[in-house]
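Survey of secondary and tertiary structure
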Amino acid sequence: MTDTVFTNRTISKIIAVIGTRRFYDALFTLLERVIKIDQCVILQLDKNNDQSWLLCRNLHNKHIVNTAAKSYVEAGFKSDSNLNIFRSIKPNEVKLLYFDDLVAKMDPAYRDQYFDELGLIDKVSIITASNDYRYYINLYRGKGRDPFYNEQIFKQDSLDLVIASLITRHYELNHSLREEGSLAFLTERERDVCKRILQARKAKQIAHELSISVNTVVTYRKRAYAKLGINSRRALFALCEGN
């Protein structure tokens, strides 16, 4: 059972900043302290079935996302056991899917690569849609955590419906944050540096364009990579593919 007072206060704070950059820190408080997750990955599909990352963050292991991001974009997505549901979800519909209900039909190689090798032991997926986009919200727990299903946290407090509504409304209110995808929760300077890296700029070029030193560029890059859970340009490109 969750602390209802704290949960309601946290949700109220999220609502107060929905559609702004402050939304992410408030959302992470709910995910980490109430739902007690270790990793959050949110993808979207548009009307053309083109996929892109909206959010990809491991809250405890800084480089765990880097391990799997590129391979999931290139191949893992197609093997995801929830893919057909994700593609067929109707506007305003919400589906809650537990790992325990899917593991029996999951490809063993997929489970090894995206769960066992990363130290992740459980996942719950919330799939929903607006008129123009479908959202695939994946919440993970690592070793040492209790399974989501055992706690029944979503059924007790209807948090799946709350999270689906918050995510959908947030991106409907601010399309620029949708376009920034995984970079949206970074600071302005961290985003500036990452965007230029994605444009194939070198550190000296970035420093000149932003009127800062090369060392400062490196500092912002390190901070951004740590928040994103990556450690290379290649991983940054993988996370931002489609955005």
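Structure report, in brief. (Residues numbered from 1 in each chain as written. Predicted model: local features only at pLDDT ≥ 70, side-chain atom pairs only at ≥ 80, totals over all residues. Heavy atoms only, no water.)

Relative to the 16 Å expected for 12 residues at 1.5 Å per residue, helix H2 (residues 23–34) spans 16 Å between its end C-alpha atoms, a close match to the ideal helical length. The set of residues buried in H2 consists of Phe-23, Tyr-24, Ala-26, Leu-27, Phe-28, Leu-30, Leu-31 and Val-34. Following H2 by one or two positions, Lys-36 has its phi on the positive side, about 60°. (Helix = DSSP H or I, 4+ residues; strand = E, 2+ residues; numbered from the N terminus. Expected span 1.5 Å × (residues − 1). Buried < 20%, exposed > 50% of the residue type's maximum accessible area, 1.4 Å probe, protein only.)

For Asn-49, which is not a glycine, the phi torsion comes out positive at approximately 65°. Mapping Asn-49 onto the fold places it in the loop between strand S1 (39–45) and strand S2 (51–58). A relative accessible area of 40% means that Asn-49 is categorised as partly exposed. Of note, the phi angle at Ala-200 is positive, near 70°, even though the residue is not glycine. Inspection of the secondary structure assignment puts Ala-200 in the loop between helix H11 (188–198) and helix H12 (203–210).

Moving on, we come to helix H9 (residues 159–173). An ideal rise of 1.5 Å per residue puts 21 Å on 15 residues; H9 measures up with 21 Å between its terminal C-alpha atoms. Within the span of H9, buried status applies to Leu-159, Asp-160, Ile-163, Ala-164, Leu-166, Ile-167, Thr-168, His-170 and Tyr-171.

To continue, consider the nonpolar core. Core analysis: the largest hydrophobic core is formed by 79 residues, its most contacted members being Ile-35, Leu-139, Phe-154 and Ile-163. With 8 residues, the top contributor of residues to this core is H2. Once residues within four sequence positions are removed from consideration, Leu-139 is found in contact with Leu-31, Ile-35, Ile-37, Gln-39, Cys-40, Asp-122, Lys-123, Val-124, Ile-126, Phe-148, Phe-154 and Ile-163. (Core = buried A, V, L, I, M, F, W, Y, C linked by side-chain atoms within 4.5 Å. Contact = heavy atoms within 4.5 Å.)

To continue, consider the sheet that holds strand S5 (residues 134–142). Across the sheet, which stays open at both edges, the 5 strands sit in the order S2-S1-S5-S4-S3 with antiparallel pairing between neighbours. Two strands close off the open sheet at either side, each with one partner strand: S2 and strand S3 (94–98). With direction set aside, neighbouring strand axes in the sheet form an average angle of 15°. In this sheet, S5 lies alongside S1 in antiparallel orientation, the contact comprising 7 bridges. Note that in S5 the partner of Leu-45 across the bridge is Arg-134. Against the sheet, H2 engages S1, S2 and S5, with an angle of about 60° to S2. (Pairing = 2+ DSSP bridges. Axes fitted to C-alpha atoms, helices over the stretch in contact; angles between N-to-C directions.)

Before going further, it helps to examine the pairing of S2. Burial within S2 is extensive, with 8 of its 8 residues counted as buried. Pairing analysis gives 7 bridges linking S1 to S2, with the strands arranged antiparallel. By the bridge assignment, Val-41 is partnered in S2 with Cys-56. Turn length for the S1-S2 hairpin, with the two strands adjacent in sequence and antiparallel, is 5 residues, and the turn residue Asn-49 shows positive phi of about 65°.

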